[in-house]
2 protein chains.
Amino acid sequence: MALTLYYWDGIPGRGEFVRLALEEAGADYVDAARQPGGTAAMLKLMKDAGGAATPFAPPFLVDGELLIAHVANILFYLGPRLGLVPEDEGLRHVANGLQLTVTDLVAEIHDTHHPIGVSLYYEEQKPEASRRAENFLSERLPKYLGYFEHVLMQNPEGPQHSVGGRLSYVDLSLFHLVEGLRYAFPNAVRANEEHLPTLIALHDAVAARPRIMSYLASDRRLPFNESCIFRRYPELDRPS
Amino acid sequence: MALTLYYWDGIPGRGEFVRLALEEAGADYVDAARQPGGTAAMLKLMKDAGGAATPFAPPFLVDGELLIAHVANILFYLGPRLGLVPEDEGLRHVANGLQLTVTDLVAEIHDTHHPIGVSLYYEEQKPEASRRAENFLSERLPKYLGYFEHVLMQNPEGPQHSVGGRLSYVDLSLFHLVEGLRYAFPNAVRANEEHLPTLIALHDAVAARPRIMSYLASDRRLPFNESCIFRRYPELDRPS
């Protein structure tokens, strides 16, 4: 039976980290948001899934009777099924630790344009967003990206991958982080990239994989936009 | 061999969610921060753990050769070993999904006093903190706590637990959330509690468990303070 991914329609968002894993593996999956009635079905599950399975927010994955919420949790579940994580249990937890650092970075990226509240428009929190983005670009972004560069360089199985000697879902997520950050903060990211040769090489290697190339060229890949996590507000970026 | 928990000294912080699980299970563990040289050992591991095992931030757990970072990941690993999660793989992912919602709430609580940047003092971001806390207390807190109340009430095995029919690490984390929120926002939380009878009953049941009672009365339990995630700044709470 096909896996079904539920997420908001119209944005890559957090769902994209899951889509990339499904696409790289050639998995049989349904992207509910792109189906007629998919969003209504998603909202219904968010009310009526029952007990602990009720998700707080999308994305979530349904596999038969099982409903799994949160990106890192979905990827932890899918990783061994899609061949996108080492089989060793310890390394699976190590991969999950990296993915949860990706999760934290994604939340900080979101909060550069929403430092006061998700229920408010960006236009209602622009001065605060300006201060938060400045702090993010000067301190947090170099710290996170430098961390991932360090992880790759220290991999005993080679700097082509973050965990183990083969492509994992963490590598796919790092690819998407670079993509999104280049969209949202092109000037600031360009200034960082010279210090991140290993991370950029990983990004380029992922972009060149046949299934990822085919996915990126398809209409299944939604473009970044200003309803997403990665938003291009030039006033929040560095000057060019 | 004993498990070793590494975390910042002097605060309950994120480490507390792990400590509660270890204490409830009567596990043989070392709290590195409370040992001579523990903080130095932690900082060394954060530089030199090697490859993907290098943690971005505490807390992390060391079990023999394995280093596991992030609270939810540590609890996912410990859950079956400590008997604090259902054995079924699907339910383990369901529990992990709930724990990741706890993680998100903890980050939002932190950001009520640090909406602009972790590198700045609270005193450098007080106007923004005031706006963020107002939004948090009026919208986010009721949404999160109402969600957990709903999860408990819908549990097919009874509202005494969040997942399955026995105590899990998620229940312990929900106990700590109530503890921390009562400390940080006593007025706002009091106004919410009448709508959360099931969550408060769970809190009280956890507080009455013999090992938890004994832990809370011991000097292993650090008091909340204004260097922690849960901070009591009366100007961010509702008026009494």
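In this convention, every chain numbers its residues from 1, walking through the sequence in written order. Throughout, the order in which chains and ligands are written sets their labels, letters from A for the former and numbers from 1 for the latter. Given that this is a predicted model, residues contribute local features only at a pLDDT of at least 70 and side-chain atom pairs are listed and counted only at 80 or more, while totals for whole chains, interfaces and linings are drawn from all residues. Values reported for side chains reflect all heavy atoms of the structure, with hydrogen atoms and water molecules removed beforehand.

By the naming in an unreviewed UniProt entry, chain A is Glutathione S-transferase, taken from Sinorhizobium americanum.

Undergrad: What is the right way to look at the relation of the copies chain B and chain A in this model?
TA: Two chain copies, one operation linking them: a rotation about an axis together with a shift along it. Overlaying chain B on chain A yields an RMSD of 0.0 Å, the required transformation being a rotation through 180° with an accompanying axial translation of 0.0 Å. Look at the turn and shift together and you get a two-fold axis relating the two. Ranked by how close their C-alpha atoms come to the rotation axis, the residues of chain B are headed by B:Pro115, at 2.9 Å. Looking at chain B, 100% of its interface residues are interface residues in chain A too, so the copies touch through the same face. The least-squares superposition of copies is restricted to C-alpha atoms, and to residues with a pLDDT of at least 70 in both copies. Residue contacts are counted whenever heavy atoms from the two residues lie within 4.5 Å of one another.

Undergrad: Explanation requested: the domain arrangement of chain A in the structure shown.
TA: For an interface, size is often stated in terms of accessible area lost upon the parts coming together. All names here are of chain A. An automatic or database domain assignment is the source of the domain bounds shown. If you check the domain split of chain A, you get domain 1 (3-82) and domain 2 (89-209). Here the C-alpha centre of domain 2 lies 22 Å away from the C-alpha centre of domain 1. Once two parts are put together, the accessible area they lose, assessed with a 1.4 Å probe and summed over both, is termed the buried area. Interface area for domain 1 against domain 2, summed over the two sides, is near 1,300 Å², with a carbon-plus-sulfur share of 73%. Salt bridge, as used here, is a side-chain nitrogen of Lys or Arg placed within 4 Å of a carboxyl oxygen of Asp or Glu. The interface formed by domain 1 and domain 2 contains one salt bridge. In this structure, the salt-bridge partner of Arg209 is Glu24, at a minimum N-O distance of 2.9 Å. Looking at the side of domain 1 that touches domain 2, the elements that each hand over two or more residues are α1 (15-24) and α3 (71-82). In terms of residues, the side of domain 1 that touches domain 2 owes the most to one element, α3, which gives six residues. Under this grouping Gly is polar, as are all residues other than the nonpolar Ala, Val, Leu, Ile, Met, Phe, Trp, Tyr, Cys and Pro and the charged Asp, Glu, Lys and Arg. Along the lines of polarity and charge, the residues of the side of domain 1 that touches domain 2 split into eight nonpolar, two polar and three charged. Secondary structure elements follow DSSP: runs of H or I no shorter than four residues count as helices, runs of E no shorter than two count as strands, and numbering proceeds from the N terminus.

Undergrad: Looking at this structure, I do not really get the interface of chain B and chain A. What am I missing?
TA: Each partner contributes residues to the interface: chain B has 52 residues there, and chain A has 52 residues. Where chain B abuts chain A, roughly 4,300 Å² becomes buried across the two surfaces, and 56% of that area is made up of carbon and sulfur atoms. Our count for the chain B to chain A interface comes out at six salt bridges. For A:Asp111, the salt bridge goes to B:Arg132, with nearest N and O atoms at 3.3 Å. Any pair of N or O atoms that falls within 3.5 Å is considered a polar contact. Within protein, one atom must be able to donate a hydrogen and the other to accept it, and sequence-neighbouring residues count only if both atoms are side-chain atoms. Summed over the shared surface of chain B and chain A, the number is 26 residue pairs in polar contact (both at pLDDT 80 or more). Looking at the side of chain B that touches chain A residue by residue, the classes come out as 21 nonpolar, 19 polar and 12 charged.

Undergrad: Would you mind going over the sheet that holds strand β1 (residues 3-6) of chain B with me for this structure?
TA: Within a sheet, adjacent strands bond to each other through the backbone by hydrogen bonds, running parallel or antiparallel. Residues and elements named next belong to chain B. For two strands to count as paired, DSSP must find a minimum of two bridges between them. Here four strands make up an open sheet; going across it, the order is β2-β1-β3-β4 and the pairing mixed. Each of the sheet's edge strands pairs with one partner strand only, and the pair in question is β2 (29-31) and β4 (66-69). With strand direction ignored, the average angle separating the axes of adjacent strands in the sheet is 20°. When β1 meets β2, the two strands line up parallel, connected through three bridges. Counted as the bridge partner of Thr4 is Val30 from β2. Every axis corresponds to a line fitted to the C-alpha atoms, with the helix fit spanning only the stretch in contact, and the corresponding angles, defined between N-to-C directions, vary from 0 to 180 degrees.

Undergrad: I keep staring at the packing of helix α6 (residues 169-184) of chain A against helix α8 (residues 197-207) of chain A and nothing clicks. Help me out?
TA: Describing two packed helices takes the angle between their axes plus the distance from one axis to the other. Residues and elements named next belong to chain A. In the contact formed by α6 and α8, the axes pass within 9 Å of each other and the chain directions differ by 100°. Here α8 runs roughly perpendicular to α6, going by the angle between their axes. Each of Asp171, Leu172, Leu174, Phe175, Val178, Glu179 and Arg182 in α6 lies in contact with α8, whose residues at this interface are Leu199, Ile200, Leu202, His203, Val206 and Ala207. Partitioned by chemical class, the residues of the contact of α6 with α8 number nine nonpolar, one polar and three charged. An angle below 35 degrees is treated as roughly parallel, one above 145 as roughly antiparallel, one from 65 to 115 as roughly perpendicular, and anything else as oblique.

Undergrad: How should I be thinking about the packing of helix α6 (residues 169-184) of chain B against helix α7 (residues 186-193) of chain B in this particular structure?
TA: Residues and elements named next belong to chain B. As a packed pair, α6 and α7 sit with axes 6 Å apart at the nearest point and diverge in direction by 125°. As summarised for this structure, α6 and α7 are arranged oblique, according to the angle between their axes. Contacts between α6 and α7 pair Leu181, Arg182, Tyr183 and Ala184 from the former with Pro186, Val189 and Glu193 from the latter. A class-by-class count of the residues in the contact of α6 with α7 yields five nonpolar, no polar and two charged.

Undergrad: How should the packing of aromatic side chains be read in this particular structure?
TA: What characterises a pair of aromatic rings is the spacing of the ring centres plus the angle enclosed by the ring planes. Note on aromatic pairs: the rings of Phe, Tyr and Trp (six-membered ring only in Trp) are paired at centre separations within 6.5 Å, and the planes decide the class, stacked below 30 degrees, edge-to-face beyond 60, tilted for the rest. Considering all chains together, one arrives at 17 aromatic pairs over all chains under this definition. With a centroid separation of 5.9 Å and 40° between ring planes, the pair formed by A:Phe136 and A:Phe185 is classed as tilted. Of this pair, A:Phe136 sits in helix α5 (residues 126-154) while A:Phe185 sits in the loop between α6 and α7 (186-193); the two residues are 49 residues apart in sequence, bridging distant segments of the chain. The same class applies to A:Phe136 as to A:Phe185, namely buried. An aromatic cluster is defined as three or more aromatic residues linked by ring pairs; in this entry it consists of A:Phe56, B:Tyr144, B:Tyr147 and B:Phe148. The ring centre of A:Tyr183 lies 4.7 Å from the NZ or CZ of A:Arg232, which sits over that ring. The positively charged end of B:Lys143 is found above the aromatic ring belonging to A:Phe56, 5.3 Å away from the centroid. Residue exposure (1.4 Å probe, protein chains only): buried if accessible area is under 20% of the type maximum, exposed if over 50%, otherwise partly exposed. Charge-over-ring contacts are defined here by two conditions on Lys NZ or Arg CZ: a distance within 6 Å of the ring centre and an angle within 35 degrees of the ring normal.

Undergrad: Whenever I open this one, the pattern of salt bridges confuses me. Can you help?
TA: Opposite charge on two side chains lets them pair, provided their charged atoms get close. Considering all chains together, one arrives at 30 salt bridges over all chains under this definition. Between B:Arg131 and A:Glu128 there is a salt bridge whose closest N-O contact spans 2.9 Å. In this pair, B:Arg131 is assigned in helix α5 (residues 126-154) and A:Glu128 in helix α5, connecting two distinct chains. Within the structure, one salt-bridge network assembled from shared partners comprises A:Glu16, A:Arg19, A:Asp31, A:Glu179 and A:Arg221.

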